[in-house]
Amino acid sequence: MIRLLALLMRLLTWLPFPLLAACGRGLGRLLYLFGRERRRVTLINLGLCFPQLTEAEKSALARRHFALFGRSFLERGMLWWSSAERIRRRVKLEGREHLDALKGRPVILLVPHFLGLDAAWTRLSMEYDMSGIYAKQKNPVFNALLYEGRARFGKPLMLSRQDGTRRGIKAIQSGYPFFYLPDLDYGPRDAIFVPFFGVPAATITGLSRLARLTGATVLPVIARMTDEGYRVSIGAPWRDFPGESIESDTRRMNAFIEAEVMTMPEQYYWLHKRFKTRPPGEKRPY
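Since the model is a prediction, treat every value here as computed from it, not as a measurement.

Draft legend 1. Local environment of the overall build of the chain. Summing up its helical and strand segments, the chain has 12 helices and 9 strands in all. Relative to all contacts within the chain whose residues are 6 or more apart in sequence, the contacts with residues 24 or more apart total 77%. Total accessible area on the chain stands at roughly 14,000 Å², and carbon and sulfur atoms take up 55% of it. A gap of 6 Å separates the mean positions of the 45 positive and 26 negative side-chain charges of the chain.

In structure tokens form, the structure reads like this:
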């Protein structure tokens, strides 16, 4: 099944981009209709984070999210198999001056889980030798596709979560920009509860800890889907980070992500069970 899906994705990359995007939106609408569990998770997340929304507004936002999720899924084929020229045309990169100014120095790229994050990795890896952590997939065929697709350009250092943090620290200290995605619920280990849209969320403290250990500068990277493709923006260095405490640093990170989500709420990764780990005695919402 995975092989057939990969073949379909590869064939669809030959379509003009507007048609490829339309196919992706169509796939997302089907997933919304038939993906009962992920639809339920998405609606719960939206209800927790945006309690002011009516049921109709939540449903409309969830539908837009699924349509864009379908787009991002099929458009991975473009990132994995299309020419470098096409990718540069469809994935615009802004703010390179912030990263270029830190060449050779320890840098952590804070990349929240927006749907365009794969486009961000691909576009950045075309210009820089990157490092980052990836999660091994249960299906070996899909795992190989992800790994090979993300290792397509440059000489990236791909670290699995099973490798631990030592290799990641070494990569940062060696001057590899570290592509870091710390805003999912990875369980209680190395996490503290800080608010995310007013809801206590188990959040790993790695951004603060890694910055303290390596002396790295944090640059935010936001990937935005557009009608023409993607826009990847490297932001200015975070000042006064790390700050007074790991707790305040982690809250600052979540507050930053909240602000970015508000600019494009349909593009955040709402399918994930962000609030599955709860404080002692509190019931899980899913």
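Draft legend 2. Broad picture of the packing of aromatic side chains. This model, assessed by the stated rule, comprises 15 aromatic pairs. Each ring, one from Phe-69 and one from Tyr-269, has its centre 6.5 Å from the other, and the planes form 40 degrees; the classification is tilted. Pair noted here: Phe-69 is in helix 4 (residues 55-74) and Tyr-269 is in the segment after helix 12 (246-263), with a separation of 200 residues, a long-range link. Judged by its relative accessible area of 18%, Phe-69 falls in the buried class. Aromatic pair Trp-121 and Phe-179: ring centres 5.2 Å apart, planes at 85 degrees, arrangement edge-to-face.

Draft legend 3. Layout of the packing of helix 2 (residues 17-34) against helix 3 (residues 36-49). Remark: helix 2 packs on helix 3, axes separated minimally by 6 Å, with the N-to-C direction vectors making an angle of 90 degrees. Overall, the two elements helix 2 and helix 3 adopt an arrangement that is roughly perpendicular. On helix 3, the residues that touch Tyr-32, Leu-33 and Phe-34 of helix 2 are Arg-36, Arg-39 and Leu-43. Residues of the contact of helix 2 with helix 3, tallied by class, amount to 4 nonpolar, no polar and 2 charged.

Draft legend 4. Focus on the side chain of Arg-224. Position of Arg-224 among the secondary structure elements: in strand 8 (residues 217-225). Of the side chains with opposite charge, Glu-260 lies nearest to the buried Arg-224, which makes no salt bridge, at 4.6 Å. In terms of polar contacts, Arg-224 uses its side chain to reach the side chain of Thr-263, at 3.3 Å. Once residues within four sequence positions are removed from consideration, Arg-224 is found in contact with Gly-229, Tyr-230, Arg-231, Thr-263, Met-264 and Gln-267.

Draft legend 5. Molecular detail of the pairing of strand 4 (residues 157-160). Of the pairings in the sheet, the one linking strand 3 (residues 131-134) to strand 4 comprises 4 bridges and is parallel in character. Following the sheet pairing, Gly-132 is matched in strand 4 by Met-158. Crossover strand 3 to strand 4 through helix 9 (residues 140-150) is right-handed.

Draft legend 6. Broad picture of the pattern of salt bridges. This structure, assessed with the given rule, holds 14 salt bridges. Residue Glu-55 pairs with Lys-58 through a salt bridge whose shortest N-O separation is 3.2 Å. Note that Glu-55 and Lys-58 are positioned in helix 4 at a spacing of 3 residues, about one turn of the helix. Close ionic contact of Glu-282 with Arg-278 constitutes a salt bridge, the shortest N to O distance being 2.8 Å. For Arg-278, a relative accessible area of 11% gives the class buried.

How each quantity is defined
- Residues numbered from 1 in each chain as written.
- Predicted model: local features only at pLDDT ≥ 70, side-chain atom pairs only at ≥ 80, totals over all residues.
- Heavy atoms only, no water.
- Helix = DSSP H or I, 4+ residues; strand = E, 2+ residues; numbered from the N terminus.
- Contact = heavy atoms within 4.5 Å.
- Areas by Shrake-Rupley, 256 points an atom, 1.4 Å probe, with all protein chains shown as cover.
- Lys, Arg positive; Asp, Glu negative; His and termini not counted.
- Charge placed at Lys NZ, Arg CZ, Asp CG, Glu CD.
- Phe/Tyr/Trp six-rings, centres within 6.5 Å; stacked < 30°, edge-to-face > 60°.
- Buried < 20%, exposed > 50% of the residue type's maximum accessible area, 1.4 Å probe, protein only.
- Axes fitted to C-alpha atoms, helices over the stretch in contact; angles between N-to-C directions.
- Parallel < 35°, antiparallel > 145°, perpendicular 65-115°, else oblique.
- Nonpolar A, V, L, I, M, F, W, Y, C, P; charged D, E, K, R; others polar.
- Salt bridge = Lys/Arg side-chain N within 4 Å of Asp/Glu carboxyl O.
- Polar contact = N/O pair within 3.5 Å; in protein donor to acceptor, adjacent residues only side chain to side chain.
- Pairing = 2+ DSSP bridges.
- Right-handed = clockwise from strand over helix to strand, strands pointing away.

This is a description of form; function is not addressed.
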